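# Notes for the structure review
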Amino acid sequence: MLTAKSESRGVRSMDGLRRSRPLLQPAQSLAGRPITLAGTPPQEPIEPAAVLATTNIVVPRRNLKPYILTAAFSAAVLSVTPIYNYLQQPNVAFDQLVVKTINIVHPQPIVTVEWAKIDSSLPALINSSSGLKIGVSVIDLSTGKQSSYGETGAFTGASTTKVVTAIAFLQMVEQGKVSLSEKLGSSPADYQLRQMIQRSNNDSWALLNARVGTASLQKLAPSYGANSYKYIGNKISAADDATMLARLYQGKLLNADHTQLLLSYMQNTNNEQLIAGSDLPSGATVYHKYGQLDENLHDTSIIKIDGRPLILSIYTAGSGDYTTRTNLIHQITDLVIAK
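Residues numbered from 1 in each chain as written. Predicted model: local features only at pLDDT ≥ 70, side-chain atom pairs only at ≥ 80, totals over all residues. Heavy atoms only, no water.

The next point concerns the overall build of the protein. Looking only at helices and strands, the protein features 11 helices and 11 strands. The buried share of the protein, taken over its 339 residues, is 38%. Accessible area of the protein: about 19,600 Å², with a carbon and sulfur share of 55%. (Helix = DSSP H or I, 4+ residues; strand = E, 2+ residues; numbered from the N terminus. Buried < 20%, exposed > 50% of the residue type's maximum accessible area, 1.4 Å probe, protein only. Areas by Shrake-Rupley, 256 points an atom, 1.4 Å probe, with all protein chains shown as cover.)

Right, here's the structure in full:
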């Protein structure tokens, strides 16, 4: 049995040099149990499981970047695949694919247009107004039906034809030929446009007519539906004015922004006594352009009730004071608008 001394002793090797002897370690029996040194308490062997339990094992963090890139690439391929497959079909344009993904909202019809009532009552009202030439046109945008009553020829348009000038100028803006910020007279074109429509300013009208060009106005008007329009003499019929407003509202003449701009100028004008002053349903919105010159008093409008539009153009010419003519316009409007 070895004694329990912990010091190293020098041991002379075969070459005659003294070298230190390593410290003695507990000897192991064949059974794997430690051989106990004298005066030393027995020690239990350390099992492999105990070693694992007391050791902090650090697991290296996995790099997720390749997996994220793979997932993103897969999603991109899946999203593009339907478009690619669609475009492989013969005679299919890309814009057709885009249209299929857009929810197109069309203007809704106004509360029931009672055509039978209008057809039977409106001519009688017009015929009873002696001394006046009256032209009325109604368009139901839900069906596209248009009916005209009374005088179907052209009237002196007065200020109603300022809408023709406004549309022509805004089309030129869209074509990059003019700008709303350019100076016309002493003010920007946008200011002159608003003054012409909302305040019916004739000086602004003259500036805008000159910028567009009288020949261009005459050439463009038929494309708006205003076939009866004449720049010389300022002529237009109630039916053509109504057709032009219908196309404007439907977005056929201007882009969405300029359509909304022009319609906004046709609200809260300096004369809201005519169609807008009638007994309309609560919440009705009226976009209009009135005209008053000598014996002519007109109003042409888009009326929206609960978001549903109707076009109504009323032209009157002849004898009669302003109040009497205004009351007549109210009567016509009340007859057309079903409540």
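Attention shifts here to helix α4 (residues 115-127). Helix length check: α4 (13 residues) gives 18 Å between terminal C-alpha atoms against 18 Å at 1.5 Å per residue, within 8%. By the largest-angle criterion, Ser121 marks the main kink of α4, which is about 25°, and a proline, Pro123, follows within four residues. Restricting attention to buried positions, one finds in α4 the residues Trp115, Ile118, Leu122, Leu125 and Ile126. Contacts from the buried residues of α4 go to β3 (132-140), β4 (145-150) and α11 (322-336). (Expected span 1.5 Å × (residues − 1). Bend = angle between axes of the 7 residues up to and from the residue. Contact = heavy atoms within 4.5 Å.)

Moving on to the pairing of strand β10 (residues 296-305). Counting buried positions along β10 gives 10 out of 10 residues, so the element sits mostly inside the fold. By the alternation rule, side chains of β10 split into Asn296, His298, Thr300, Ile302 and Lys304 and Leu297, Asp299, Ser301, Ile303 and Ile305, which are all buried. In this structure, strand β9 (residues 285-293) lies alongside β10, joined through 9 bridges in antiparallel fashion. Counterpart to Leu293 in the pairing with β10 is Asn296. Between β9 and β10, which follow one another and run antiparallel, lie 2 residues, and Asp294 among them has a positive phi close to 55°. The pairing of β10 with strand β11 (residues 308-318) spans 10 bridges and is classified as antiparallel. Following the sheet pairing, Asp299 is matched in β11 by Ile314. (Pairing = 2+ DSSP bridges.)

With that settled, consider the nonpolar core. Counting 46 residues, the largest nonpolar core has Phe169, Leu262 and Met266 as the members making the most contacts within it. The set of elements that each furnish at least two residues to this core consists of α5 (162-174), α6 (189-198), α7 (202-212), α9 (238-249), α10 (256-265) and β11. A total of 9 residues in this core trace back to one element, the largest contributor, which is α5. Apart from the residues lying within four places of it in its own chain, the contact partners of Leu262 are Ala166, Ile167, Leu170, Ile197, Leu248 and Leu254. If you look at the next biggest cluster of nonpolar residues, it comprises 27 residues, including Val113, Leu125, Val136 and Val336. (Core = buried A, V, L, I, M, F, W, Y, C linked by side-chain atoms within 4.5 Å.)

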